[in-house]
Amino acid sequence: MAEDVIFGLLSQNLVFLLAALFVVIVILKGIRIVPQSEKHVVERFGRLHSVMGPGINFIVPFLDVVRHKISILERQLPTATQDAITKDNVLVQVDTSVFYRITEPEKTVYRIRDVDGAITTTVAGIVRAQIGKMDLDEVQANRAHLIETIKASVEDAVDDWGIEVTRAEILDVNLDQATRQAMLQQLNAERARRAQVTEAEGQKRAVELQADAELYASEQNAKARRIQADAEAYATGVVAKAIAENGIEAAQYQVALKQVEALNALGNGDGKQTIVVPAAALEAFGDAFKLLKGSVK
């Protein structure tokens, strides 16, 4: 009896139960929660309808379909190695790495099939073109400028794909063994040339300093001689004035004084304490003392 009642109630309310279940399914299908790191591309009847961003989104069930779930996180392409020839005909191998992220998924999914492969091919072509415009020394010295140029060129090439290139790196520039040997020989020759130039400049500087020293010594000697000559001229003037004022006695006094000074210097020398003096010198010595004595009076 009870089972018949329950079955009867279910039969009467089956339509309402099915309707309630349908509403629940519609609500569940109409609500889409998109993670922060993704964007979802929605199609309606096979055509692009909208792009859902992070958070809660609503779609029309059974009409709208989430066709693509695209990660917007930054991606790194695998390190790629490509050959390139510089302007001075040197073969180099360049290792590059590119970082990018998808900013407009609707362009990416409908305009390009293999994003990574397309970017890798684009980077390889741009690297070869840019290095072909530069000499090897410029490639080594201006790597930062080369990286900026490659990054700008890649950005222009992938702009229609809804991609933003965040960074491009040149990891290494490798040379073949023959080129390395030639560069090493050139480097050694340049070092030897610089050493010779430095040595020559040092010798030149030493000669200049020696010449300056000799010139300075000559100038000092000339000054000393000039001062000595001025002193002798002054002394001669004083003697001449004394002779003019006192007559011949002043001249004899000066001669006698010089004789006494000479004998004193001769007696003070090493190993010359015993002196043999001629008679004429003794007379002159006596005359000098007489003159000195007379001058004292």
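Definitions and cut-offs
- Residues numbered from 1 in each chain as written.
- Predicted model: local features only at pLDDT ≥ 70, side-chain atom pairs only at ≥ 80, totals over all residues.
- Heavy atoms only, no water.
- Core = buried A, V, L, I, M, F, W, Y, C linked by side-chain atoms within 4.5 Å.
- Buried < 20%, exposed > 50% of the residue type's maximum accessible area, 1.4 Å probe, protein only.
- Helix = DSSP H or I, 4+ residues; strand = E, 2+ residues; numbered from the N terminus.
- Salt bridge = Lys/Arg side-chain N within 4 Å of Asp/Glu carboxyl O.
- Phe/Tyr/Trp six-rings, centres within 6.5 Å; stacked < 30°, edge-to-face > 60°.
- Lys NZ or Arg CZ within 6 Å of the ring centre and 35° of its normal.

Caption draft 1: Representation of the nonpolar core within the structure. Grouped together as the largest cluster of nonpolar side chains are 31 residues, with contacts concentrated most on Val92, Ile119 and Ile131. Looking at this core, the elements with two or more residues in it are β8 (91-102), α3 (115-131), α4 (136-141), α5 (143-158) and β9 (163-175). The dominant element in this core, judged by the number of residues it contributes, is α3, at 7 residues.

Caption draft 2: View of the pattern of salt bridges. By the definition in use, this model includes 8 salt bridges. Among the ionic pairs, lysine 151 bridges to glutamate 155, the shortest N-O distance being 2.5 Å. Pair noted here: lysine 151 and glutamate 155 are both in helix α5, with a separation of 4 residues, about one helical turn. Across the pair arginine 193 and glutamate 190 runs a salt bridge, and its minimum N-O distance is 2.5 Å. Highlighted residues: arginine 193 and glutamate 190, both in helix α6 (residues 177-246), separated by 3 residues, approximately one helical turn. Among the residues examined, glutamate 190 registers a relative accessible area of 26% and is labelled partly exposed. Salt bridges here are not isolated pairs; linked through shared partners, they connect Glu190, Arg193 and Arg194.

Caption draft 3: Focus on the packing of aromatic side chains. In total, this model carries 1 aromatic pair according to the counting rule given. Between the aromatic rings of phenylalanine 22 and phenylalanine 62, the centroid separation amounts to 6.4 Å while the plane-to-plane angle is 5 degrees, which identifies the pairing as stacked. Linking phenylalanine 22 in helix α1 (residues 2-30) with phenylalanine 62 in the loop between β4 (55-58) and β5 (64-71), this pair joins segments that are 40 residues apart in sequence. For arginine 167, the ring lying beneath its charged end belongs to phenylalanine 99, and the centroid distance is 4.3 Å.

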